[in-house]
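# A closer look at the structure
Given next are the chains, with one letter for each unit.
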Amino acid sequence: MTDALGEALHLLRMSGTFYCRNELTEPWGATMPDMGDCLWFHVLTSGRCDVEVDGQVIGLEPGDVLLVPGGQQHRLFHGEGAETPVVTTLPHEFETENYAILRHGGGGAVTHLVCGAVRFDHPAAKHLVTVLPSVLYVRRADDMRATIDLIAAESKAVRPGGEAVITRLADVLVIQTIRSWLANDPAARTGWLGALQDQQIGQALALIHRDPAQPWTVERLAHQTAMSRSAFAARFTELVGEPAMRYVTRWRMHVAMNRLKDRDSTVSEVARGLGYESEAAFSRAFKRIVGVSPGQARAG
């Protein structure tokens, strides 16, 4: 992997919105609600689980991991006649505000499942997640086996520190799953992901991501990657899908959206921090790319 892709993976630090350890008995079922700005993950540690998402049904076996990067609604179930109420309507035992235990089902064979919804904060991580497939499914892989075994051991019973252990292991497993997909699926070598792995264009992307406030030009990026201006411009557009300077501007707006969430930073400070000489110039670029003003984006 080039530095650009490695750095994107390094920035996959997540904040957990919700984690749940499930003890389910057949027949059982639940609907996961839409969590548009989150990634859903499910780790089956024992038993059986069917997942219906985007019109397809996937049967999970112990050790399998399934991600729903877009956070869209989907159903989990197993057993004949299983009903699938929205999971938030089921009685949970909350250990903390963001960690719960769910015991649910008809009293038959037992399934243990660890689920969660996580959110990514860094713009590079957010963008990486948006280009993942709508469903990312990995059967038990050798390089993930130790993490899954530890999650399985922790999910069998409530123990002191269990929440901290399971949530941290789940975060690691999400990153391992994404990394496994990137390494093994041909789709990961196309589009923006493919550009990240290109020796020269990946280097240019890494430079933009590291310091978007720099006064980047096509000439400067071409020089940094030891390419001619024309060759660089053509290859960048071919791999990334848009011209280099349009990408620079759009990336700055990704970063701006993140920084505008910090109520301690004014719009003027965000503008200066991204290399804009005036708040007006920044606001015009922001509205052109995002569709609303910086103030509206912050309020929303």
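We now turn to the structure provided with this report. (Residues numbered from 1 in each chain as written. Predicted model: local features only at pLDDT ≥ 70, side-chain atom pairs only at ≥ 80, totals over all residues. Heavy atoms only, no water.)

## Quick look at helix H9 (residues 244–260)
An α-helix turns once per 3.6 residues; consequently, residues spaced three or four apart project the same way. To be explicit about the condition: Every helix listed is a DSSP run of H or I at least four residues long, and every strand listed is a run of E at least two residues long, numbered separately from the N terminus. Helix span, expected: 1.5 Å multiplied by one less than the number of residues in the helix. Any residue under 20% of the maximum accessible area for its type is buried, any over 50% is exposed, and the rest in between are partly exposed; the area is computed with a 1.4 Å probe on protein chains only.
Its 17 residues place the ends of H9 24 Å apart at the C-alpha level, agreeing with the 24 Å of an ideal helix rising 1.5 Å per residue. For H9, the set of buried residues is Ala 244, Tyr 247, Val 248, Thr 249, Trp 251, Arg 252, Met 253, Val 255, Ala 256 and Leu 260.

## Section: empty space enclosed by the protein
Rules: Points on a 1 Å grid, built from protein atoms alone, make a cavity when a 1.4 Å probe fits but cannot get out and make a pocket when they are open with protein on both sides within 12 Å along at least 5 of 7 lines; residues with an atom within 4 Å of a point are the lining residues. Grid points are joined across faces, edges and corners, and a volume is the space filled by probe spheres set on the points. Three classes are used: nonpolar for Ala, Val, Leu, Ile, Met, Phe, Trp, Tyr, Cys and Pro, charged for Asp, Glu, Lys and Arg, and polar for all others, with Gly counted as polar.
Tallied over the full model, the rule gives two cavities of 30 Å³ or more. Estimated volume of the largest cavity: approximately 90 Å³. Where the lining of the largest cavity is concerned, the elements lending two or more residues are strand E1 (14–25), strand E2 (28–32), strand E9 (99–105) and strand E10 (110–120). Considered class by class, the residues forming the lining of the largest cavity number twelve nonpolar, two polar and no charged.

## A word on the sheet that holds E2
To keep it simple, the criterion reads: Each pair of strands is called paired provided DSSP finds at least two bridges between the two strands. For helices, the axis comes from a line fit to the C-alpha atoms of the stretch in contact; other axes are also lines fit to C-alpha atoms, and the angle between any two N-to-C directions lies between 0 and 180 degrees.
Reading across the sheet, the four strands line up as E2-E7-E4-E5 and stay open at both edges, with antiparallel pairing between neighbours. Both outer strands of the open sheet, E2 and strand E5 (56–60), are each paired with one neighbouring strand and no more. The mean angle between the axes of side-by-side strands here comes to 20°, regardless of whether they run parallel or antiparallel. Strand direction decides the pairing type here: strand E4 (residues 49–53) and strand E7 (residues 74–78), joined by three bridges, are antiparallel. Within E7, the position partnered with Glu 52 by the bridge is Arg 75.

## Notes on the nonpolar core
What counts here: Think of a nonpolar core as a cluster: buried Ala, Val, Leu, Ile, Met, Phe, Trp, Tyr and Cys residues, connected wherever their side-chain atoms sit within 4.5 Å. Whether two residues touch is decided by their heavy atoms; if any such pair falls within 4.5 Å, the residues are in contact.
Ranked by internal contacts, the top residues of the largest apolar core, which has 69 residues, are Phe 41, Phe 120, Phe 232, Phe 236 and Phe 282. Filtering out sequence-adjacent residues up to four positions away, Phe 282 remains in contact with Met 253, Ala 256, Val 267, Val 270, Ala 271, Leu 274, Tyr 276 and Pro 294. By size, the runner-up hydrophobic cluster in this structure holds 25 residues, among which are Ala 30, Trp 40, Val 53 and Leu 76.

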